[in-house]
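Descriptive analysis of the structure
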Amino acid sequence: MEEAEMGCCVCQERYDETRTPRNLGCGHSVCTPCVQEIINRNRKCPECRRPFYATMASALPVNYPLLRLSRTLAALSLQQGQQAAAGPSTSSTRSPRKADAGECAAHVSRLVMRCMPCKVWVCKECLVMDHVVPPDGNCLILPVDQALEEMKKSHMEIISTMYLTLQGLKNEVANEIAQLENNKSLHDDTVSSLRQILQGELDVIQEVEAKKKEATDKMSEVDSWVESLKEAEAGILKAATVRELANAKLAARDCLANVETQVQREKQRQTSVNMTVPQFGPQNLRGVLQMVKMMYVVDESNGERKWARVSVHDCLLHLHVLTHNPPPPTSLIFS
């Protein structure tokens, strides 16, 4: 195959990426720059003089078979020149095949480049029609080796970012676990305190029941004192003579002295009676406040009684102002 047959019939230059062969419709092909000159002149094929009606060279189809043949001939010529320069000792060696991404389905050529913005593998024919580099286009064309390195770098950056995201998520979960453990510890302390309070209150209930029984027995004893006074009163009323009245008064005096002694003892006993009321610390009060809706404390001083409500705000106990208004009947009251 003659080298001249692979060139433009007008300028005699070999077809390449800048001088792509354009089919004029009559079967003849001319390079793109020459086609544009023909369009500007007379729009007729330089070989058969058949007219064509395209207004721009890019409107005519590229003769890809002729372009591939021209590239093949150029590659063979270059290889022969290199072998001749190297001498017979290196004539049997072959240059390693360049890496590619397979075969182009549209142009049956090797995919030896990648358009990074378009994210596709391309052949040399694809560059002519579909991918234009700056300044006329925005495509960035890289060889297979460089494209692979850039793709690896991009994927590694994505994976590293995901690693950081997962590490942050792991730290958040760890903080949540720590908060839950702390919350559980606080509730365990509250439960333990409430159990102690409950056991103490059960003991207090038994003590109060014993004191209640003692007070009930004392009520019966007071009733007997009343009966004895009534008998002394009746003896005085029934006395008909001076001697009977004197004896009745003497009996009444002994009865009054006895009753008065018993009353003084009872008053002393009541004074020494300690009314048992629940006593809670701050931690226990928080637990109790979780179980009741309203809690009040009572203050008794100088014979005057006042009440104040207790509430929890920001994990702290707050004591409200003392008032004379009694709390609701369903409230829990402490001293």
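Residues numbered from 1 in each chain as written. Predicted model: local features only at pLDDT ≥ 70, side-chain atom pairs only at ≥ 80, totals over all residues. Heavy atoms only, no water.

**Some details on the environment of Ala232**
Within the secondary structure layout, Ala232 lies in helix H4 (residues 144-238). Overall, the relative accessible area of 13% leaves Ala232 in the buried class. Taking the C-alpha atoms as reference points, Ala232 and Ala248, separated by 16 residues in sequence, lie 6.9 Å from one another. (Helix = DSSP H or I, 4+ residues; strand = E, 2+ residues; numbered from the N terminus. Buried < 20%, exposed > 50% of the residue type's maximum accessible area, 1.4 Å probe, protein only.)

**What to know about the state of the cysteines**
Counted under the stated rule, the structure contains 0 disulfides. Here Cys115 is not cross-linked by a disulfide; its sulfur's nearest cysteine counterpart is in Cys118, at 3.4 Å. No disulfide involves Cys139; its sulfur sits 3.6 Å from that of Cys115, the nearest cysteine. Given the relative accessible area of 12%, Cys139 is considered buried. (Disulfide = S-S within 2.5 Å.)

**Regarding a negative patch on the surface**
A contiguous patch of negative charge, built from Asp145, Glu149, Glu150 and Glu157, is present on the exposed surface. Tracing the chain through its elements places Glu157 in helix H4. Overall, the relative accessible area of 46% leaves Glu157 in the partly exposed class. (Patch = residues over 30% accessible without salt bridge, like charges linked within 9 Å, V, L, I, M, F, W, Y side chains within 5 Å. Areas by Shrake-Rupley, 256 points an atom, 1.4 Å probe, with all protein chains shown as cover. Salt bridge = Lys/Arg side-chain N within 4 Å of Asp/Glu carboxyl O. Lys, Arg positive; Asp, Glu negative; His and termini not counted. Charge placed at Lys NZ, Arg CZ, Asp CG, Glu CD.)

**Focus on the sheet that holds strand S3 (residues 113-115)**
Spatial strand order, S4-S3-S5: 3 strands in an open sheet with antiparallel pairing. With partners counted over all chains shown, the strands left at the sheet margins are strand S4 (120-122) and strand S5 (141-143), one partner each. Here the strands of the sheet are splayed against their neighbours by 35° on average, with no regard to which way each runs. The pairing of S3 with S5 spans 3 bridges and is antiparallel. Directly across from Cys115, in S5, lies its bridge partner Ile141. Contacts between H4 and the sheet are confined to S3, S4 and S5, with S5 contributing the most and set at about 105° to the helix. (Pairing = 2+ DSSP bridges. Axes fitted to C-alpha atoms, helices over the stretch in contact; angles between N-to-C directions. Contact = heavy atoms within 4.5 Å.)

**Quick word on H4**
For H4, spanning 95 residues, the distance from its first C-alpha to its last is 137 Å, which sits close to the expected 141 Å at 1.5 Å a residue. Considered for burial, the residues of H4 that qualify are Val144, Ala147, Thr190, Ser193, Ile197, Val204, Lys218, Trp225 and Ala232. (Expected span 1.5 Å × (residues − 1).)

**Looking at the side chain of Ser29**
Relative to the elements of secondary structure, Ser29 occurs in strand S2 (residues 29-31). Among the residues examined, Ser29 registers a relative accessible area of 9% and is labelled buried. A distance of 2.9 Å separates polar atoms of two side chains, one belonging to Ser29 and the other to Asn63. Setting aside anything within four residues of it in sequence, one finds Ser29 in contact with Cys9, Tyr15, Pro21, Arg22, Asn23, Asn63 and Leu66. (Polar contact = N/O pair within 3.5 Å; in protein donor to acceptor, adjacent residues only side chain to side chain.)

**A word on the pattern of salt bridges**
Counted according to the given criterion, the structure contains 7 salt bridges. Between Glu207 and Lys211 there is a salt bridge, with its nearest N and O atoms 3.4 Å apart. Of the two residues, Glu207 and Lys211 are both situated in helix H4; the distance of 4 residues between them amounts to about one turn of the helix. Salt-bridge contacts for Glu266 lead to Lys218; the nearest nitrogen and oxygen are separated by 3.7 Å. Taken as a pair, Glu266 in helix H5 (residues 242-272) and Lys218 in helix H4 lie far apart in primary sequence, 48 residues in all. Linked by salt bridges that have partners in common, Lys218, Glu221 and Glu266 make up one network.

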